[in-house]
Amino acid sequence: MIGLISATAAGAVARDRLAAAWPDRTRVYEGPVGEAVRAAFAECEQLVCFLATGATVRLLAPLLGDKTADPGVVCVDEGGRYAVSLVGGHGGGANELARAVGALLGAEPVVTTATDSVGLAGLDTLGLPCEGSVALVSRALLDGEPVALEAEVPWPLPPLPVSAQGPYTIRLTDRDVAPGEREVLLRPPSLVVGVGASRGAPVDEVLGLVEETLREAGLTPKSVAELATVDAKAEEPGLLAAAERLGVPLVTYSAEELAAVEVPNPSDAPLAAVGTPSVAEAAALLRGGELLVPKRKSKARPAMATCAVVRRPGRGRLAVVGLGPGARDLLTPRAAAELRRASVLVGLDQYVDQIRDLLRPGTRVLESGLGAEEERARTAVAEAREGHAVALIGSGDAGVYAMASPALAEASDDIDVVGVPGVTAALAAGAVLGAPLGHDHVSISLSDLHTPWEVIERRVRAAAEADLVVTFYNPRSRGRDWQLPKALAILAGHREPTTPVGVVRNASRPDESSRVTTLAGLDPATVDMMTVVTVGNTATRTVAGRMVTPRGYRWQESAR
């Protein structure tokens, strides 16, 4: 919950805007400011104070304890100009809260945390438990000193400017070891503990068995991702309580799924009880991984719990990111976040140049020129299979005449794939032209490099006969100058010569140009590959110089 505190009428206006936008996330604290701050500090995970920073500091000072437990606090000035991350920038999430508040209120987020200021990913913001000399190693990264990354377990980390060797170390490990003097340990959620239990097995027996098994195997509980068992034990109190104490979910599988898993120690007892020869080992192994600890029983007499431990390698992550039509303000926040998250970026060189300034230090960039789409797709998938966090970029929306199709045709279920939508060229051009896409419409690429012209022509005819608004991508190049006139001639067989046609070049970019003409008046020689051509349907009209296609046909009927 986010506590909201204000002292003046101006602050209350901004406070109420935030409360209205986030009704389920916020709570307004009324009354004297000091009492409100103390109450919110005790009851909320984060605070937004519409107060001067000096006043907020004085109010917070006696309340501050440990930065790992204190709420994150953001200050917004009376004029609503700045959202300042004051306390708990990383641990309390104040840095991200300042950005979110700034975006909502139109305020400039002010983040002074050293790593954030230079674009580095904070070691305590990676979403993994960490321990050791976080401040010391972070300072070494900031100062450009060599910091080695020792990944004992492959895991898709965000970019870090690390070296092969150095006096400082970031170690990614699930082993139960203590950090060195100049070392940070990152704990990936790589361990799955399969558990079996008799009816009524006490939580202390289950938890004791799990903790003892991990300790003797030299593994840390901080890397346990889940407890896994059979569906029949989904409501077993001892298992549920053990998972809760470990802070992990209890994941269950059907007996049929578990029975299909080959295990080293099958048994007749679980087969008779729940329909599978293995629960602990099979549940741990079902989604793959290395069996580190075979099934073992608790020491109670009779033993009522079993467990097995599997190390499940981190799955690589491929984000297919649409950059939009080119303007920075049409790049979505989600796309920008994925670019910052990726440790490997794959893309066309000219698209990489558009967003290079958004990449964090340490991002590995793999760029290539035009015509290498399939190679880029294969490269991105291969990097993800190596366990990296990869962003594969394309212009507009990556799923529209871009990189998502070849990448997903190459990828299998051994990596996680995330699609990040972008503003397409057709949408950007439509916004420039007015509202040409107000009714049913279709996009057709006139490039026959990947599609035979016979197929393209058949699609153009179908669109013409169906009276669809048509947006042509890749309409004309130096080596392809006859396709656009041919396509326009097909449409002219079904539409009046006065049908509005919009032509937009470099939509949303600094050298954007546009014009509205007619089907008879368009000169194809004025069109190139940077242009989008939108041809209206029989209902499309020009109103005040803008193309408008009505949502229904009543307008068309009344105009006759």
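Residues numbered from 1 in each chain as written. Predicted model: local features only at pLDDT ≥ 70, side-chain atom pairs only at ≥ 80, totals over all residues. Heavy atoms only, no water.

1. Let's talk about the nonpolar core
Quick note on the threshold: Residues enter a nonpolar core if they are buried and are Ala, Val, Leu, Ile, Met, Phe, Trp, Tyr or Cys, with the set joined through side-chain atoms within 4.5 Å. Burial classes: relative accessible area under 20% of the type maximum marks a residue as buried, over 50% as exposed, and values in between as partly exposed (1.4 Å probe, protein chains only). Put simply, DSSP H or I for four residues or longer makes a helix, DSSP E for two residues or longer makes a strand, and each gets a number counted from the N terminus. In this analysis, two residues are considered to be in contact whenever any of their non-hydrogen atoms come within 4.5 Å of each other.
Counting residues in hydrophobic clusters, the biggest one holds 23 residues, and the most contacted among them are V193, V195, L214, L227 and V309. Secondary-structure elements contributing two or more residues to this core are β11 (191-197), α7 (203-216), β12 (224-230), α8 (237-246) and β15 (305-311). Considering each element in turn, this core owes the most residues, six residues, to α7. Those residues in contact with L214, other than ones at most four positions away along the chain, are L191, L219, P221, V224 and V309. W453, V460, A463 and L522 belong to the second largest nonpolar core, which has 21 residues in total.

2. Re the environment of P249
Among the secondary structure elements, P249 is positioned in the loop between α8 and β13 (250-253). Along the backbone, P249 and V535 are 286 residues apart, and their C-alpha atoms lie at a distance of 54 Å.

3. Re the sheet that holds strand β17 (residues 344-348)
As a reminder, the rule being used: Two strands are said to pair when DSSP picks up at least two bridges between them. Here, axes are lines fitted to C-alpha atoms. For helices the fit covers the stretch in contact, and angles between N-to-C directions go from 0 to 180 degrees.
With respect to topology, five strands assemble into an open sheet ordered β18-β17-β19-β16-β20, the strand pairing being parallel. Pairing within the sheet leaves two strands with one partner each, and these edge strands are β18 (364-368) and β20 (416-420). Neighbour-to-neighbour, the strand axes of the sheet open up by a mean angle of 15°, direction not taken into account. Bridge analysis of β17 against β18 gives five bridges, and the strand direction is parallel. Note on β18: the bridge partner recorded for G347 is E367. Packing of helix α12 (residues 333-341) onto the sheet brings it into contact with β16 (317-322), β17, β19 (389-394) and β20, and relative to β16 it is tilted by some 140°.

4. Focus on the side chain of S298
Under the convention used in this document: In protein, a polar contact requires one atom able to donate a hydrogen and another able to accept it; more generally it is a pair of N or O atoms within 3.5 Å, and residues adjacent in sequence count only if both atoms are side-chain atoms.
For S298, the location among the structural elements is in the loop between β14 (290-297) and β15. Judged by relative accessible area, which is 7%, S298 ranks as buried. For S298, the side chain forms a polar contact with the side chain of E205, separated by 2.4 Å.

5. Comments concerning unusual backbone geometry
That bond from R301 to P302 is cis: its omega, 0°, falls within 30 degrees of zero. For P302, the location among the structural elements is in the loop between β14 and β15. At N506, a position not held by glycine, the phi torsion is positive, near 55°. Relative to the assigned elements, N506 resides in the loop between β24 (500-505) and β25 (513-518). Positive phi outside glycine occurs at A544, with the angle close to 55°. Within the secondary structure, A544 sits in the loop between β27 (541-543) and β28 (546-548). On the basis of relative accessible area, A544 is assigned to the exposed category, the value being 67%.

6. Some words on helix α1 (residues 9-21)
Under the convention used in this document: To estimate the expected span of a helix, count its residues, drop one, and scale the result by 1.5 Å.
The first and last C-alpha atoms of α1 sit 19 Å apart over 13 residues, in line with the 18 Å expected at 1.5 Å per residue. Tucked inside the fold, the buried residues of α1 contact β1 (2-6), β2 (26-28), β3 (46-50) and α4 (94-105).

7. Describing empty space enclosed by the protein
How we decide: Using a 1 Å grid laid over the protein atoms alone, points where a 1.4 Å probe fits but cannot get out form a cavity; open sets with protein on both sides within 12 Å along at least 5 of 7 lines form a pocket; any residue with an atom within 4 Å of a point counts as lining. Grid points are joined across faces, edges and corners, and a volume is the space filled by probe spheres set on the points.
Evaluated as defined, the whole model comprises one cavity of 30 Å³ or more. When its volume is computed, the largest cavity comes out at roughly 30 Å³. Lining the largest cavity are R317, A319, E338, R341, A342, A389, V390 and A391. Of all the secondary structure elements, the ones that give two or more residues to the lining of the largest cavity are β16, α12 and β19. By residue number, the principal contributor to the lining of the largest cavity is β19, which donates three residues.

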